[in-house]
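# Descriptive structure summary
Listed below are the residues making up each chain.
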Amino acid sequence: MRIIDAKYLKSVSAAADVEVGDIPEICFVGRSNVGKSSLINAVVTQRVARTSSRPGATRMINIYKVLYESKGRRNWVIFSDFPGFGYAKVSREMAKQWQKMVEGYLLANDRIRRVIWLLDVRRDPDDLDTMLVEWLLTKGLPFTPVLTKVDKETQGNIAKKRRSFESFFDGVKAHLFSSRTGYGKKELLLHISHVLHGERVDTII
């Protein structure tokens, strides 16, 4: 899979506001400051997604239209960058509003082909992660775990954390990624290509 072009379309709070016809969609979710926007920029090889050093800066769902080539054909896909969850410094009311918006968007959108769930390789799964796993499984939303910021860890710790996360996800493969070095980009693009072509990928759904 080769990315040809990508552009920011709009920021929305509901799936009905996207208005892109039947173009399939890949969603990127994760905690605040896990590197969602940076990963999208690295994957499309251009600075299209807005990044911020301030956790919790993304308040809406940012929509990007991506032109790619795969198996000799060109097609479009939507990448959606979701607000980070688990940031303690936002008010409880705002956190509830974010949750309602994200859940509503995911459940009302039949164009979604995969949820790419980004997790910082340096930390361990916790109760919030467990709640998200259970929610995704209950709603039947297929997801792929991606461990980010691997350039900030040693090889030994990366291998240990990968085993830990794969155990947490019942044996599903966790992809490794570094937005700074580009490590894992080729593998992640291949995975997304398989998803878009309806080919078999590791899943617990």
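For the structure, check the block above.
Residues numbered from 1 in each chain as written. Predicted model: local features only at pLDDT ≥ 70, side-chain atom pairs only at ≥ 80, totals over all residues. Heavy atoms only, no water.

## Comments concerning the sheet that holds strand S2 (residues 25-30)
- Taken together, 7 strands build an open sheet; the order of strands is S1-S3-S4-S2-S5-S6-S7 and the sheet is mixed. Two strands bound the open sheet, and with one partner strand each, they are strand S1 (2-12) and strand S7 (175-176).
- Here strand S6 (residues 143-148) runs beside S7; their pairing, made up of 2 bridges, is parallel. Bridge pairing links Val146 to His175 in S7.
- This element, helix H5 (residues 185-196), spans S1, S2, strand S3 (61-70), strand S4 (73-81), strand S5 (112-120), S6 and S7 of the sheet and lies at about 155° to S5. (Pairing = 2+ DSSP bridges. Helix = DSSP H or I, 4+ residues; strand = E, 2+ residues; numbered from the N terminus. Contact = heavy atoms within 4.5 Å. Axes fitted to C-alpha atoms, helices over the stretch in contact; angles between N-to-C directions.)

## Remarks on helix H1 (residues 36-44)
- Within H1, 8 of the 9 residues are buried, which leaves the element mostly enclosed by the surrounding structure.
- Note on H1: the residue one or two positions beyond its end, Thr45, has a positive phi of about 60°. (Buried < 20%, exposed > 50% of the residue type's maximum accessible area, 1.4 Å probe, protein only.)

## Focus: the packing of aromatic side chains
- In the structure shown here, the tally under the stated rule is 7 aromatic pairs.
- Centre to centre, the rings of Phe82 and Tyr105 are 5.4 Å apart; their planes meet at 85°, and the pair counts as edge-to-face. With Phe82 in the loop between S4 and helix H2 (92-107) and Tyr105 in helix H2, this residue pair connects regions lying 23 residues apart in the sequence. Here Phe82 and Tyr105 have matching classes, each one buried.
- Aromatic ring contacts, followed pair by pair, group Trp117, Phe143, Phe168 and Phe169 into a single cluster.
- Across from the ring centre of Trp76, 4.5 Å away, lies the NZ or CZ of Lys65, which sits over that ring. (Phe/Tyr/Trp six-rings, centres within 6.5 Å; stacked < 30°, edge-to-face > 60°. Lys NZ or Arg CZ within 6 Å of the ring centre and 35° of its normal.)

Everything listed here is a matter of geometry and, on its own, says nothing about what the molecule does.
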